[in-house]
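Descriptive analysis of the structure
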Amino acid sequence: MKTLSGIMSNKSKEQYLESCRVRYLSRNRAGKSKMIDEVSDTLGWDRKHTIKALNGQVSLGEKSKKRGSKPTYKDAEKSIIIELWKISEQPCGKRLKHTLPLWLESYEKHYAKIPKSTRDKILLCSERQLDRITAPHRVDSTRRYGRSTGRTSHRLKSIVAVQCGPQDVDRPGWMEADTVSHGGGSSSGAFMWSLTLTDIYSGWTELSGLWGCSGGEVCVGLQRIERRMPFEMLGFDCDNGSEFLNTTLESYLLSKTRKIKWTRSRPYKKNDQAHVEQKNFTHVRQLLGYGRYSEIELVALVNDLYETAWLPLRNYFTPVMKLIEKKRIGSKVTKKYDEPQSPCDRLLKCPKVSVKTKQELKAKRKELDPIELAKSVEEKLQIIHEIIELTEAQRDEENRWLSEPPTSASAGTDSAAAPVAIAPCTSTPSEPAENLAKSTQNKQSHSTTRVS
């Protein structure tokens with residue numbers, strides 16, 4: 001039987017249900033059963049639901065009540081959580097839980113004062129609840145990986161020891177190094193590279209823009225990084241690329257005044273350098289993308305972005321997690337991580353970091369503002385993107401101009417272009433008339449023999 005539910009408006013349904021409720025209470029058992037069938041057929045409901053509605057347990061329109069518990073977090077808390085989540089590079093709930101206490105003071109400085117009740121509810125929000133709040137705002141991204149090329153040095157392979165598996169370190173200074181290509185998927189021509197160094201103990205990451213990936217450029221990047229690192233480099237673990245295994249870097253790392261342990265990973269085993277490979281994506285690719293940086297002026301702009309905004313934001317105000325246990329039972333792998341902490345907090349809690357270094361780190365973090373750093377990152381990225389878009393537009397215009405066929409000038413709109421004869425070259429002798437026609441007989445070949 002076709003119901004009238006699709007034809008009736010909500011107001012008509014409410015009025016019809018209220019009139020049935022008044023008559024329902026005064027009927028006997030048979031009358032109630034008949035009314036239940038009538039309302040079920042009219043509104044398209046199940047009998048059990050109709051009985052609840054006629055007894056006043058279910059309402060329609062404004063009087064209806066949503067089933068389940070009331071939401072704990074209102075729009076006031078959610079808006080602050082989502083805003084800080086977006087500014088802090090969209091961390092997961094576990095890291096966002098430890099990021100919020102570091103950023104709330106800066107939020108109040110830039111936006112508005114947060115009431116104590118709202119602040120307490122934000123800090124009490126669980127990790128899973130933070131994931132649920134931010135889930136509707138997450139955007140999936142596709143990855144496009146390029147190719148890496150380079151030559152290796154057989155002599156240095158016999159000198160530099162192979163380091164595989166996790167390193168057990170108890171202090172900062174043991175660094176993993178790698179380079180990231182900004183060639184847009186092509187290794188031809190000159191373009192920018194990024195040098196990435198990650199501390200295994202704390203997760204502290206340093207970046208430097210390079211013009212090319214020669215050994216000299218890598219040394220210049222290392223010098224720039226070592227001048228601003230808060231600790232001394234003790235170990236240098238790299239891959240087997242020619243940008244690392246060369247005599248220029250050998251003389252820089254193995255000089256007599258330095259005591260650095262130089263190691264390398266196994267060929268084609270990226271998991272040997274899992275720490276720096278992860279930072280290549282989170283610190284470089286997510287920031288600069290996979291496009292081509294073919295202008296040399298971009299190196300200075302990217303280095304300014306790294307040093308003044310991006311690295312302070314990631315090292316001082318972005319908590320990270322460390323893998324402390326990994327178990328494999330059959331095909332199932334169980335991983336256990338420690339509490340999320342920023343690289344700065346890990347250095348402050350390390351007993352082998354000097355008191356002077358800890359005081360400098362505290363003073364430096366007190367001077368910084370995470371929201372100002374996040375805004376500075378966006379402003380500097382905008383300038384870089386404008387230069388890249390202008391370069392790509394000029395390159396497309398040149399390619400379009402080169403691909404267009406040459407056009408001949410016409411005398412008028414209605415007249416056809418006159419054929420133009422090609423002038424003979426003065427250095428080429430003219431052919432006789434008999435040579436211009438194809439002969440029916442093959443010409444007799446004459447061979448000349450020279451006798452000494």
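Residues numbered from 1 in each chain as written. Predicted model: local features only at pLDDT ≥ 70, side-chain atom pairs only at ≥ 80, totals over all residues. Heavy atoms only, no water.

Let us look at the pattern of salt bridges. Scanning all chains against the criterion turns up 20 salt bridges. For arginine 47, the salt bridge goes to aspartate 37, with nearest N and O atoms at 2.2 Å. One end of the pair, arginine 47, is in helix α3 (residues 47-54); the other, aspartate 37, is in helix α2 (residues 29-43), and ten residues separate them in sequence. For arginine 47, a relative accessible area of 36% translates into the label partly exposed. In this structure, lysine 113 and glutamate 108 form a salt bridge, with 3.8 Å as the shortest nitrogen-oxygen distance. (Salt bridge = Lys/Arg side-chain N within 4 Å of Asp/Glu carboxyl O. Helix = DSSP H or I, 4+ residues; strand = E, 2+ residues; numbered from the N terminus. Buried < 20%, exposed > 50% of the residue type's maximum accessible area, 1.4 Å probe, protein only.)

Interaxial distance between helix α5 (residues 93-110) and helix α6 (residues 116-124) falls to 9 Å at its minimum, and their mutual angle equals 155 degrees. The pairing of α5 with α6 is recorded here as roughly antiparallel in orientation. Contacts between α5 and α6 pair Lys97, Leu100, Pro101, Leu104 and Glu108 from the former with Arg119, Ile122, Leu123 and Leu124 from the latter. Here the residues of the contact of α5 with α6 sort into six nonpolar, no polar and three charged. (Axes fitted to C-alpha atoms, helices over the stretch in contact; angles between N-to-C directions. Parallel < 35°, antiparallel > 145°, perpendicular 65-115°, else oblique. Contact = heavy atoms within 4.5 Å. Nonpolar A, V, L, I, M, F, W, Y, C, P; charged D, E, K, R; others polar.)

In this model, the protein chain carries a mean pLDDT of 83, and residues with pLDDT of at least 70 account for 83%. The least confident element of the protein chain is helix α8 (residues 154-159), whose mean pLDDT is 79; the most confident is strand β3 (residues 192-199), at 96. Overall, residues 415-440 carries pLDDT values under 50, and its contacts beyond four positions in sequence, including any with other chains, amount to four contacts. Low pLDDT, under 50, characterises residues 442-452; the predicted model gives this stretch one contact beyond four residues in sequence or across chains. (pLDDT = per-residue confidence, 0-100.)

A word on the pairing of strand β7 (residues 323-329). As a general feature of sheets, a regular strand has side chains that alternate between the two faces. Within β7, only zero of the seven residues are buried, which leaves the element largely exposed. Between β7 and the antiparallel strand that follows it, strand β8 (residues 332-337), lie two residues; glycine 330 among them carries a positive phi value of about 65 degrees. (Pairing = 2+ DSSP bridges.)

Further remarks concern α2. A turn of α-helix holds 3.6 residues, and therefore any two residues three or four places apart point the same way. For α2, built from 15 residues, the straight-helix expectation of 21 Å at 1.5 Å per residue is met to within 8% by its first-to-last C-alpha distance of 21 Å. Looking only at α2, the buried set comprises Gly31, Met35, Ile36, Val39, Ser40, Thr42 and Leu43. Around the axis of α2, the buried residues are gathered within 165 degrees of arc, so they sit on the same side. Exposed positions of α2 whose direction lies more than 90 degrees from the buried face are Ala30 and Lys34. (Expected span 1.5 Å × (residues − 1). Arc of directions from axis to C-beta.)

Another aspect to go through is a negative patch on the surface. The grouping of Glu386, Glu389, Glu392 and Asp396 at the surface amounts to a negative patch. Residue placement: glutamate 392 occurs in helix α15 (residues 370-403). By relative accessible area, which is 34% here, glutamate 392 ends up partly exposed. (Patch = residues over 30% accessible without salt bridge, like charges linked within 9 Å, V, L, I, M, F, W, Y side chains within 5 Å. Areas by Shrake-Rupley, 256 points an atom, 1.4 Å probe, with all protein chains shown as cover. Lys, Arg positive; Asp, Glu negative; His and termini not counted. Charge placed at Lys NZ, Arg CZ, Asp CG, Glu CD.)

Turning our attention to the pairing of strand β5 (residues 235-238). Side chains of β5 alternate between two faces, with Gly235 and Asp237 and Phe236 and Cys238 buried alike. Pairing of strand β2 (residues 174-181) with β5, which is carried by three bridges, proceeds in the parallel orientation. Bridge pairing in β5 links tryptophan 174 to glycine 235. Here β5 runs beside strand β6 (residues 261-264); their pairing, made up of four bridges, is parallel. What sits directly across from glycine 235, in β6, is lysine 261.

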